[in-house]
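These are the residues of each chain, in order.
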Amino acid sequence: MKSLFFLAFAATLAAAPRPNVVFFLIDDLGFADCGFNGGTDIKTPIIDKLAAQGAVLENHYVQPVCSPTRSCLMTGRYVSHTGVYTIVRPHAKWGLPLEERTLANALKDAGYTTAITGKWHLGEFEDAYKPTSRGFEHQHGHYFGAIDYFTHVRDGSHDWYHDDKELKEEGYSTHLVANEAVRLIQEQSADKPLFLYMPFNGVHSPMQVPESYLQPYGALTGGRKQLAGMLAAVDEAIGQVVAALEKKGMRENTLIVFSADNGGPPPGSNTPLRDFKGSIYEGGVRGAAFANWPGKIPGGQRLAAPMHIIDWYP
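Residues numbered from 1 in each chain as written. Predicted model: local features only at pLDDT ≥ 70, side-chain atom pairs only at ≥ 80, totals over all residues. Heavy atoms only, no water.

1. A closer look at the overall build of the chain
Part 1: Each helix and strand counted, the chain has 8 helices and 14 strands in total.
Part 2: Computed over its C-alpha atoms, the radius of gyration of the chain comes to 19 Å, within 12% of the 20 Å expected for a compact globule of 314 residues.
Part 3: Projected onto its principal axes, the C-alpha positions of the chain cover 65 × 45 × 40 Å.
Part 4: The buried share of the chain, taken over its 314 residues, is 56%. (Helix = DSSP H or I, 4+ residues; strand = E, 2+ residues; numbered from the N terminus. Rg over C-alpha atoms; globule rule 2.2 N^0.38 Å. Buried < 20%, exposed > 50% of the residue type's maximum accessible area, 1.4 Å probe, protein only.)

2. Some thoughts on helix α7 (residues 222-248)
Residues lying three or four places apart along an α-helix face the same way, a consequence of the helix completing one turn every 3.6 residues.
Part 1: Taking 1.5 Å of rise per residue, the 27 residues of α7 would be expected to cover 39 Å, and the 40 Å separating its terminal C-alpha atoms lies within 8% of that figure.
Part 2: At the C-terminal side of α7, Gly249 shows a positive phi close to 80°. (Expected span 1.5 Å × (residues − 1).)

3. Section: the packing of aromatic side chains
Part 1: For the structure shown, the criterion picks out 13 aromatic pairs.
Part 2: With a centroid separation of 4.8 Å and 5° between ring planes, the pair formed by Phe258 and Phe290 is classed as stacked. Highlighted residues: Phe258 in strand β11 (residues 254-260) and Phe290 in strand β12 (residues 289-292), separated in sequence by 32 residues. Taken individually, Phe258 and Phe290 each receive the classification buried, so the pair is uniform in this respect.
Part 3: Grouped by ring-pair contacts, the aromatic residues Phe23, Trp120, Phe136, Phe195, Tyr197 and Trp312 constitute a single cluster.
Part 4: Over the ring of Tyr281 we find Arg274, and its NZ or CZ is 3.8 Å from the ring centre. (Phe/Tyr/Trp six-rings, centres within 6.5 Å; stacked < 30°, edge-to-face > 60°. Lys NZ or Arg CZ within 6 Å of the ring centre and 35° of its normal.)

4. Observations concerning unusual backbone geometry
Part 1: Cis rather than trans, the peptide bond between Gly202 and Val203 has omega equal to 15°.
Part 2: Here Val203 lies in the loop between β10 (194-200) and α7.
Part 3: With an omega of 5°, the peptide bond running from Thr271 to Pro272 counts as cis.
Part 4: Located in the positive-phi region is Asp28, a residue other than glycine, with phi close to 65°.
Part 5: If you check the backbone angles, Asp164 has positive phi at about 65° while not being a glycine.
Part 6: Within the secondary structure, Asp164 sits in the loop between β8 (161-162) and β9 (165-166).

5. Points about the pattern of salt bridges
Part 1: Under the defined criterion, the tally for this structure stands at 15 salt bridges.
Part 2: When the shortest N-O distance is used, the salt bridge between Arg224 and Asp33 registers 2.7 Å. Highlighted residues: Arg224 in helix α7 and Asp33 in the loop between β1 (20-26) and α2 (45-52), separated in sequence by 191 residues.
Part 3: Relative accessible area serves as the criterion here: at 14%, Arg224 is assigned to the buried category. (Salt bridge = Lys/Arg side-chain N within 4 Å of Asp/Glu carboxyl O.)

6. Re the nonpolar core
Part 1: Grouped together as the largest cluster of nonpolar side chains are 83 residues, with contacts concentrated most on Phe24, Leu196, Ile238 and Phe258.
Part 2: With 13 residues, α7 is the single largest residue contributor to this core.
Part 3: The residues touching Ile238, leaving out its near neighbours within four places in the chain, are Phe24, Ile26, Ile46, Ile47, Leu50, Phe200 and Phe258. (Core = buried A, V, L, I, M, F, W, Y, C linked by side-chain atoms within 4.5 Å. Contact = heavy atoms within 4.5 Å.)

7. As for the pairing of β12
Part 1: Side chains Ala289 and Ala291 of β12 all project onto a buried face; the interleaved residues Phe290 and Asn292 project onto the opposite face, where all are buried too.
Part 2: Across 2 bridges, strand β2 (residues 55-57) lies against β12 in antiparallel orientation. Bridging across to β12, Val56 finds its partner in Phe290.
Part 3: With 4 bridges joining them, β11 and β12 adopt antiparallel strand pairing. Bridge pairing in β12 links Phe258 to Phe290. (Pairing = 2+ DSSP bridges.)

8. Brief notes about the environment of Met230
Part 1: Turning to its location among the elements, Met230 is positioned in helix α7.
Part 2: The class for Met230 is buried, based on a relative accessible area of 1%.
Part 3: Along the chain, Met230 and Lys248 lie 18 residues apart, while their C-alpha atoms are 27 Å from each other.
Part 4: Once residues lying within four places of it in the same chain are set aside, the contact partners of Met230 are Tyr149, Tyr172, Val203, His204, Pro206, Met207, Gln208 and Val209.

9. Considerations on the packing of helix α6 (residues 173-187) against α7
Part 1: Interhelical geometry of α6 versus α7 gives an angle of 5° and a closest axis separation of 9 Å. One finds that α6 runs roughly parallel with respect to α7. On the side of α6, the interface is formed by Thr174, His175, Ala178, Ala181, Val182, Ile185, Gln186 and Glu187, while α7 contributes Ala233, Val234, Glu236, Ala237, Gln240, Val241, Ala244, Leu245 and Lys248.
Part 2: The class makeup of the residues in the contact of α6 with α7 is 10 nonpolar, 4 polar and 3 charged. (Axes fitted to C-alpha atoms, helices over the stretch in contact; angles between N-to-C directions. Parallel < 35°, antiparallel > 145°, perpendicular 65-115°, else oblique. Nonpolar A, V, L, I, M, F, W, Y, C, P; charged D, E, K, R; others polar.)

10. With respect to the sheet that holds β12
Part 1: Across the sheet, which stays open at both edges, the 10 strands sit in the order β9-β8-β5-β4-β10-β1-β11-β12-β2-β13 with mixed pairing between neighbours. With partners counted over all chains shown, the strands left at the sheet margins are β9 and β13 (301-303), one partner each.
Part 2: Note that β8 and β9 share 2 bridges and pair antiparallel. In the sheet register, His162 faces β9, and the bridge partner there is Lys165.
Part 3: Packing of helix α3 (residues 66-75) onto the sheet brings it into contact with β1, β4 (113-119) and β10, and relative to β10 it is tilted by some 170°.

Okay, here's the thing in structure tokens:
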């Protein structure tokens with residue numbers, strides 16, 4: 001009887017429409033930088049609306065720095081299994097181990113269109129380590145961290161690619177990854193679900209943003225003012241992606257996940273948590289997060305149950 005039940009259950013799942021999945025990973029976001037987690041000095045209306053319509057994950061754990069978190073998301077495994085304990089530096093002769101089957105591999109095998117727009121940060125020294133060799137059919141953005149938002153250069157190396165081929169493209173990087181995401185949504189075939197992974201380089205340093213985004217923040221100064229503008233640009237970009245999903249008729253069948261990749265460094269705010277990025281105190285490893293799926297995840301929830309970013313893969 002038990003085996004018959006599970007066979008019937010599996011058949012039901014196979015017949016059900018597969019949800020699109022959009023995963024927003026925000027680089028160096030502080031736990032309390034957004035309004036939905038108590039922030040008051042930076043305006044994040046799009047993010048806050050999505051959070052209010054879904055479930056805020058109050059105890060969503062990540063890793064203290066970026067590459068380890070990305071490896072956990074991509075494999076569903078702790079760093080003790082992958083060996084990605086620290087940041088993969090530009091041109092380093094290592095990356096996410098090639099024997100790992102990534103989330104993109106799994107979803108591609110399940111019939112999804114798979115795309116990444118943003119920062120990879122899991123190895124690029126050989127083609128086998130790049131996104132299009134790790135399950136992603138489409139790639140747009142950069143491999144390293146801490147690139148210049150306008151020139152897309154770090155330490156003298158130009159770091160901007162489309163489908164893992166170098167691309168000279170002018171513009172602010174947050175705008176460019178959003179533009180590509182919107183294009184992919186517009187061109188998505190109706191007979192396939194989409195997995196869109198958007199690991200923004202905002203709000204990671206260098207603290208750079210077009211001047212227009214700073215104008216609402218005259219009361220802030222220094223790095224906090226720059227971060228406010230950068231986060232406002234990310235909020236706008238997320239709004240563009242959500243609008244594209246709605247226009248395409250995909251929104252109702254789309255699971256949206258939002259997460260920081262680690263705790264924020266100064267000038268980010270991790271209130272009331274202790275410490276910052278790089279620490280194993282709560283301020284380093286507890287990331288602002290929520291999940292939104294119309295009709296599937298009831299809105300207005302704040303869930304205290306602990307979970308880790310590895311949990312999304314299964």
